[in-house]
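Summary of structural features
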Amino acid sequence: MDTVLDSNILPKAKPKWLRVKLPTGQKYTELRGLVDKYKLNTICTSGSCPNMGECWGDGTATFMILGNVCTRSCGFCGVKTGRPETVDWDEPEKVARSIKIMNIKHAVITSVDRDDIKDMGSIIWAETVKAIRRMNPETTLETLIPDFQGVERNLDRIIEVSPEVVSHNMETVRRLTREVRIQAKYDRSLAVLKYLKDKGIRRTKSGIMLGLGETEEEVIQTMKDLREANVDIVTIGQYLQPSKKHLPVKEFITPEQFEKYEKIGKEMGFRHVESGALVRSSYHAQKHIL
């Protein structure tokens, strides 16, 4: 999950490159009005994403399904942890309707982890994609999925509905995975991404956060691991601590370092590399289908 900036809990004054302009523009204003009027649920608004104005201006928005309580307790993520509510089987239609009302050209769907149910939420995932396709046939889709514990049948449900892009985030380097993503496994996430590509997903994608104590060598190795899994797109952004209870920011990565990673990624053969302090999983998502 993406995190947002709270200047009261950072270890030092935030650098100038982390200052965000307030979202503006006619398209943003229109969508903001629709979200408020119809009480639509987007990660863009609930997560106070710094790129909301730019993404909405491009006709892209991100929606979270399967509730707002996660069964996992990752050290970086601001989503609540606990026992989730019962699955809402009307949710696919609700999300599809929201996308239609907002006239979204490219939708990104994400979710909490649902290790509490047998299919881990994969059925609702597939039904959501189907509902969006029925109601919004011109809208392209990216699904930012959990690992579904690596269960192939659950992954197959995503593959069968064939989103234009399927994303699963590594979040961090191998050494820090146990601390940052407590119930996740580095190699399992790589295996999920490789399986998706091997089974015919046209574009696969992953993202990592920096500033948690990783080294340059470890970041480059993670990028190499993603290329070996035939991942097409990588996003690299700055980790920002969502509360005092979460992992602290160890370092603010400079724009020059992000540029270096972008250059390295392109040389490795990634189709798209988004690398910058304010980059999030869905940043420039509409361009990643090309």
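Residues numbered from 1 in each chain as written. Predicted model: local features only at pLDDT ≥ 70, side-chain atom pairs only at ≥ 80, totals over all residues. Heavy atoms only, no water.

**Quick notes on the UniProt feature "binding site: [4Fe-4S] cluster 1" (unreviewed entry) in the protein**
UniProt records the feature "binding site: [4Fe-4S] cluster 1" (unreviewed entry) at Cys-44, Cys-49, Cys-55 and Ser-282, using the numbering of this structure. Spanning 239 residues, the named residues nonetheless gather at one spot, since no C-alpha pair among them exceeds 10.1 Å. Structurally, Cys-49 is set in the loop between α2 (43–46) and α3 (52–57). Setting aside chain neighbours within four positions, we find Cys-49 in contact with Cys-44 and Arg-280. With respect to the secondary-structure elements, Ser-282 resides in the segment after β9 (272–275). Setting aside chain neighbours within four positions, we find Ser-282 in contact with Cys-55, Thr-62, Val-108 and Lys-205. Of the polar contacts made by the side chain of Ser-282, one reaches the side chain of Thr-62; its length is 3.3 Å. (UniProt positions renumbered as here; feature names shortened; annotations may be inferred. Helix = DSSP H or I, 4+ residues; strand = E, 2+ residues; numbered from the N terminus. Contact = heavy atoms within 4.5 Å. Polar contact = N/O pair within 3.5 Å; in protein donor to acceptor, adjacent residues only side chain to side chain.)

**Some remarks on empty space enclosed by the protein**
The full count for this structure, using the stated rule, is two cavities of 30 Å³ or more. Its boundaries defined by the atoms lining it, the second largest cavity holds a volume of some 30 Å³. Across the lining of the second largest cavity, the residue classes tally to five nonpolar, no polar and two charged. (1 Å grid on protein atoms, 1.4 Å probe; cavity = no way out; pocket = protein on both sides within 12 Å on 5 of 7 lines; lining within 4 Å. Points joined across faces, edges and corners; volume = space filled by probe spheres on them. Nonpolar A, V, L, I, M, F, W, Y, C, P; charged D, E, K, R; others polar.)

**Concerning the pattern of salt bridges**
Opposite charge on two side chains makes pairing possible when the charged atoms of those side chains draw close. By the definition in use, this model includes 18 salt bridges. In this structure, the salt-bridge partner of Asp-147 is Arg-72, at a minimum N-O distance of 2.8 Å. Here Asp-147, found in the loop between β5 (140–144) and α6 (152–161), pairs with Arg-72, found in the loop between β2 (69–70) and β3 (80–81); they are 75 residues apart in sequence, far enough to count as distant. By relative accessible area, Arg-72 is classed as buried at 5%. Where Arg-134 meets Glu-93, a salt bridge forms, and the shortest distance between an N and an O atom there is 2.6 Å. Within this pair, whereas Arg-134 is found in helix α5 (residues 122–135), its partner Glu-93 is found in helix α4 (residues 91–102), the two being separated by 41 residues in sequence. Taking relative accessible area as the criterion, Arg-134 reaches 56% and is therefore assigned exposed. (Salt bridge = Lys/Arg side-chain N within 4 Å of Asp/Glu carboxyl O. Buried < 20%, exposed > 50% of the residue type's maximum accessible area, 1.4 Å probe, protein only.)

**A look at helix α10 (residues 255–268)**
An α-helical turn contains 3.6 residues, so any two residues separated by three or four positions project in the same direction. Under the 1.5 Å per step criterion, the end-to-end length of α10 is 20 Å for 14 residues, consistent within 8% with the ideal 20 Å. When we look at burial in α10, the residues that qualify are Gln-257, Phe-258, Tyr-261, Ile-264 and Gly-265. In an axial view of α10, the angular spread of the buried residues amounts to 120°, which keeps them on one side of the axis. The exposed set on the far side of α10, more than 90 degrees from its buried face, consists of Glu-256, Glu-259, Lys-263, Lys-266 and Glu-267. Looking at the buried side of α10, the elements it contacts are β7 (203–210), α9 (216–228), β8 (233–238) and β9. Note on α10: the residue one or two positions beyond its end, Gly-269, has a positive phi of about 110°. (Expected span 1.5 Å × (residues − 1). Arc of directions from axis to C-beta.)

**Let's talk about the packing of α6 against helix α8 (residues 186–198)**
Where α6 contacts α8, the axes come no closer than 11 Å and their chain directions differ by 45°. One finds that α6 runs oblique with respect to α8. The element α6 and its partner α8 pack so that their crossing is right-handed. Here Glu-152, Leu-155, Asp-156 and Ile-159 of α6 come into contact with α8, specifically with Val-192, Tyr-195 and Leu-196. Considered class by class, the residues forming the contact of α6 with α8 number five nonpolar, no polar and two charged. (Axes fitted to C-alpha atoms, helices over the stretch in contact; angles between N-to-C directions. Parallel < 35°, antiparallel > 145°, perpendicular 65-115°, else oblique. Left-handed = near helix turned anticlockwise from the far one by under 90°.)

**Remarks on the packing of aromatic side chains**
One pass over the full model with this rule turns up zero aromatic pairs. Against the face of Phe-270 rests Arg-227, its NZ or CZ located 5.4 Å from the ring centre. (Phe/Tyr/Trp six-rings, centres within 6.5 Å; stacked < 30°, edge-to-face > 60°. Lys NZ or Arg CZ within 6 Å of the ring centre and 35° of its normal.)

**Quick look at the UniProt feature "domain: Radical SAM core" (unreviewed entry) in the protein**
The residues that UniProt annotates with the feature "domain: Radical SAM core" (unreviewed entry) are residues 56–271. Helix makes up 38% of residues 56–271 and strand 18%, with an end-to-end C-alpha separation of 23 Å.

**Focus on the environment of Ala-191**
Residue placement: Ala-191 occurs in helix α8. In this structure the C-alpha to C-alpha distance between Ala-191 and Ala-277, which are 86 residues apart in sequence, comes to 27 Å.

**Some remarks on the packing of α8 against α9**
The geometry of α8 relative to α9 is characterised by a closest axis approach of 9 Å and an angle of 35° between their N-to-C directions. Only Gln-221, Thr-222, Asp-225 and Leu-226 of α9 make contact with α8, whose side of the interface consists of Tyr-186, Leu-190 and Leu-193. Tallied by class, residues from the contact of α8 with α9 come to four nonpolar, two polar and one charged.

**Considerations on the pairing of β9**
Residues in a regular strand point their side chains to alternate faces of the sheet. Residues His-272 and Glu-274 line one face of β9 and the alternating positions Val-273 and Ser-275 line the opposite face, and both faces are buried. With four bridges joining them, β8 and β9 adopt parallel strand pairing. Along β9, the bridge assignment pairs Thr-235 with Glu-274. The β-α-β motif built from β8, the intervening α10 and the parallel element β9 has right-handed crossover chirality. (Pairing = 2+ DSSP bridges. Right-handed = clockwise from strand over helix to strand, strands pointing away.)

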